[in-house]
Amino acid sequence: METQPLYDLAPIARIMFLGVVIALGPLAWVWVRNRHAAPAQRLRMLTLVTLFLTFDLVLFGAFTRLTDSGLGCPDWPGCYGSASPVGASSAIAAAQEAMPTGPVTFSKAWIEMIHRYLATAVGVLIIVLASVSWIERRRISVSFVWPLVTLFWVCLQGAFGALTVTMKLFPAIVTLHLLGGMALLALLRAQATGYALASPGAAAPVSLPPNTRLALGLVYGLLWIQIALGGWVSTNYAVLACSDFPTCQGSWWPDMDFQHGFTLWRELGQNRAGEAIAFAALTAIHYVHRLSAYVVFAALFWLVWRLWSVAGMRNTALWLVALALWQFFTGLTNVVLDWPLLAAVSHTGGAAALVVVMTSAIFSTRTAHQPSGASALATSRPI
């Protein structure tokens, strides 16, 4: 039997067409609901719809990874050179017969291709967003650079999606793909906030004391480090290295191999020498994420305490409390209940929601000594 090429561009036009068809629904809804709105308001709604679908895409990406469907179609962008598993049914059947519990089955192929269809639709929406932003650039006070960066970023995400498949779930690539999805959420949320501030009658950004603004930035940075560590746990399948809490393997400091656990450039399940990765390395991956979670948890509540005294930031503070507790609950559930799928996907969703809420907090506030009309996305003149 011939080996399927890793890259087969034959179905790319049909996959792009499917992405356009999926994107037409959200685009039509935005147009009908906002056809008489100001340009900034229309762009804000289009950005929010794209943000919502990107959030769903991140969740579905987690579902794809956690159901071991990342190689459900072993080539890119299609499935055995077809635009859907229907056209690849004979190849999938042969692969499933040869290895019934392997990476290629009909259900895994459909999960993988639905993820690609959704990703293509999000890409179409971002192309439309960049195009409309360019057309309206002289009528709004938000820089066109942001939609352009977002367009570049979604293309980069597509490249990492391809590498995820062709490099056989290489942990560093999969982790970067996850971080790229989170960064895309941040870019879209920042743009939506900028359009909201540029809309007629919009309120000015909330003024934060310099120390509180600094605290917000520091906790935001810690959040990204924690997400990277969580992605490294997930992509190395190290969640079950510790199945008890608050100890790990009955110890406060279990046997850990940090050197091999945090060797970044290696194959899945192997160390750099190509040998099976030691369990102590997986333990190190898991436990570092857990220890870091304690730091981030404490930092979030410290930030909440600072934000609570600022008028206009109490809703943000409540969201941060709720999401911190959600992350604790879903993370604990993953450990003590042997990594149930719902809890694992929900844990990724909680991290994504934290990125959205904290990005909104950063871009909708200013340091108190800045001019009252300043915002992170607004410009003095259109570009």
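Residues numbered from 1 in each chain as written. Predicted model: local features only at pLDDT ≥ 70, side-chain atom pairs only at ≥ 80, totals over all residues. Heavy atoms only, no water.

## Structural notes on the overall build of the protein
In step 1: Secondary structure assignment for the protein yields 11 helices and four strands.
In step 2: Relative to the 2.2 N^0.38 estimate, which gives 21 Å for 383 residues, the radius of gyration of the protein is 22 Å and therefore close to what a compact globule would have.
In step 3: By its C-alpha atoms, the protein is 65 × 55 × 30 Å across when sized along the principal axes.
In step 4: Residue burial in the protein is summarised as follows: out of 383 residues, 50% are buried.
In step 5: Carbon and sulfur atoms form 69% of the exposed surface of the protein, whose accessible area is close to 17,800 Å².
In step 6: Within the protein, one finds 21 positive and 14 negative side-chain charges whose respective centroids are separated by 24 Å. (Helix = DSSP H or I, 4+ residues; strand = E, 2+ residues; numbered from the N terminus. Rg over C-alpha atoms; globule rule 2.2 N^0.38 Å. Buried < 20%, exposed > 50% of the residue type's maximum accessible area, 1.4 Å probe, protein only. Areas by Shrake-Rupley, 256 points an atom, 1.4 Å probe, with all protein chains shown as cover. Lys, Arg positive; Asp, Glu negative; His and termini not counted. Charge placed at Lys NZ, Arg CZ, Asp CG, Glu CD.)

## Brief notes about a nonpolar patch on the surface
In step 1: There is a patch of nonpolar side chains on the surface, built from Phe 245, Trp 253, Phe 258, Leu 291, Tyr 294, Phe 328, Val 336 and Leu 337 and spanning about 760 Å² of accessible area.
In step 2: Taken together, the elements giving at least two residues each to the nonpolar patch come down to helix 9 (279–307) and helix 10 (314–336).
In step 3: The exposure class assigned to Val 336 is partly exposed, which follows from its relative accessible area of 44%. (Patch = residues over 30% accessible without salt bridge, like charges linked within 9 Å, V, L, I, M, F, W, Y side chains within 5 Å. Salt bridge = Lys/Arg side-chain N within 4 Å of Asp/Glu carboxyl O.)

## Quick notes on the packing of helix 4 (residues 106–135) against helix 5 (residues 145–166)
In step 1: Interhelical geometry of helix 4 versus helix 5 gives an angle of 160° and a closest axis separation of 9 Å. In this view, helix 4 runs roughly antiparallel relative to helix 5, as classed from their interaxial angle. The interaxial crossing formed by helix 4 with helix 5 has left-handed handedness. For the pair helix 4 and helix 5, contact is made by Glu 112, Arg 116, Gly 123, Ile 126, Ile 127, Ala 130 and Ser 133 and by Pro 147, Thr 150, Leu 151, Val 154 and Val 165, respectively. (Axes fitted to C-alpha atoms, helices over the stretch in contact; angles between N-to-C directions. Parallel < 35°, antiparallel > 145°, perpendicular 65-115°, else oblique. Left-handed = near helix turned anticlockwise from the far one by under 90°. Contact = heavy atoms within 4.5 Å.)

## As for the confidence of the model for the protein
In step 1: Considering every residue of the protein, the mean pLDDT works out to 93; 96% of them sit at 70 or more.
In step 2: Per-element confidence in the protein is highest for helix 9, whose mean pLDDT is 98, and lowest for strand 1 (residues 7–8), whose mean pLDDT is 90.
In step 3: Across residues 371–376 the pLDDT falls below 50, and counting only partners more than four positions away or on other chains, this stretch makes 10 contacts in the model.
In step 4: Low pLDDT, under 50, characterises residues 378–383; the stretch is placed with nine contacts to residues that sit more than four places away or in other chains. (pLDDT = per-residue confidence, 0-100.)

## Let's talk about the packing of aromatic side chains
In step 1: Taken as a whole and assessed by the stated rule, the structure comprises 12 aromatic pairs.
In step 2: Taking 6.4 Å as the distance between ring centres and 75° as the angle between the ring planes, the aromatic pair formed by Tyr 7 and Trp 76 counts as edge-to-face. Note that Tyr 7 is positioned in strand 1 and Trp 76 in strand 2 (residues 76–77), a separation of 69 residues in sequence.
In step 3: The class of Trp 76 is partly exposed, set by a relative accessible area of 24%.
In step 4: With a centroid separation of 5.7 Å and 45° between ring planes, the pair formed by Phe 60 and Phe 63 is classed as tilted. Taken as a pair, Phe 60 and Phe 63 lie in helix 2 (residues 39–66) at a separation of three residues, close to a single helical turn.
In step 5: Judged by its relative accessible area of 27%, Phe 63 falls in the partly exposed class. (Phe/Tyr/Trp six-rings, centres within 6.5 Å; stacked < 30°, edge-to-face > 60°.)

## Remarks on the state of the cysteines
In step 1: Tallied over the full model, the rule gives two disulfides.
In step 2: There is a disulfide in this structure between Cys 73 and Cys 79, and the S-S distance comes to 2.1 Å. Handedness here is read from the sign of the S-S torsion; for Cys 73 and Cys 79, about -85°, the answer is left-handed.
In step 3: The disulfide bridge from Cys 242 ends at Cys 248, spanning 1.8 Å between sulfur atoms. Its S-S torsion of about -70° marks the bond between Cys 242 and Cys 248 as left-handed, since a negative value means left-handed.
In step 4: Given the relative accessible area of 0%, Cys 242 is considered buried. (Disulfide = S-S within 2.5 Å.)

## Details of helix 6 (residues 171–198)
In step 1: With 28 residues, helix 6 extends 41 Å between its outermost C-alpha atoms, agreeing within 8% with the 40 Å of an ideal straight helix rising 1.5 Å per residue.
In step 2: Summarising burial for helix 6: 24 of the 28 residues are buried, a large majority. (Expected span 1.5 Å × (residues − 1).)

## What about the nonpolar core?
In step 1: Counting residues in hydrophobic clusters, the biggest one holds 55 residues, and the most contacted among them are Met 182, Leu 303, Leu 320 and Met 358.
In step 2: It is helix 11 (residues 341–363) that provides the largest number of residues to this core, a total of 11 residues.
In step 3: Among all residues touching Leu 303, those that are not within four sequence positions of it are Thr 212, Ala 215, Leu 216, Val 219, Leu 320 and Met 358.
In step 4: Core analysis: the next-biggest nonpolar cluster, separate from the first, contains 13 residues, Trp 232, Val 233, Val 239 and Leu 282 among them. (Core = buried A, V, L, I, M, F, W, Y, C linked by side-chain atoms within 4.5 Å.)

## Details of the packing of helix 1 (residues 12–34) against helix 2
In step 1: Contact pair helix 1 / helix 2: the axes reach a minimum separation of 10 Å and the direction vectors enclose 150°. In terms of orientation, helix 1 lies roughly antiparallel with respect to helix 2. By crossing handedness, the relation of helix 1 to helix 2 is classed as right-handed. Together, Pro 26, Leu 27, Trp 29, Val 30 and Asn 34 of helix 1 and Gln 41, Arg 42, Met 45, Leu 46, Val 49 and Leu 53 of helix 2 make up the contact between the two elements.
In step 2: By residue class, the composition of the contact of helix 1 with helix 2 is eight nonpolar, two polar and one charged. (Nonpolar A, V, L, I, M, F, W, Y, C, P; charged D, E, K, R; others polar.)

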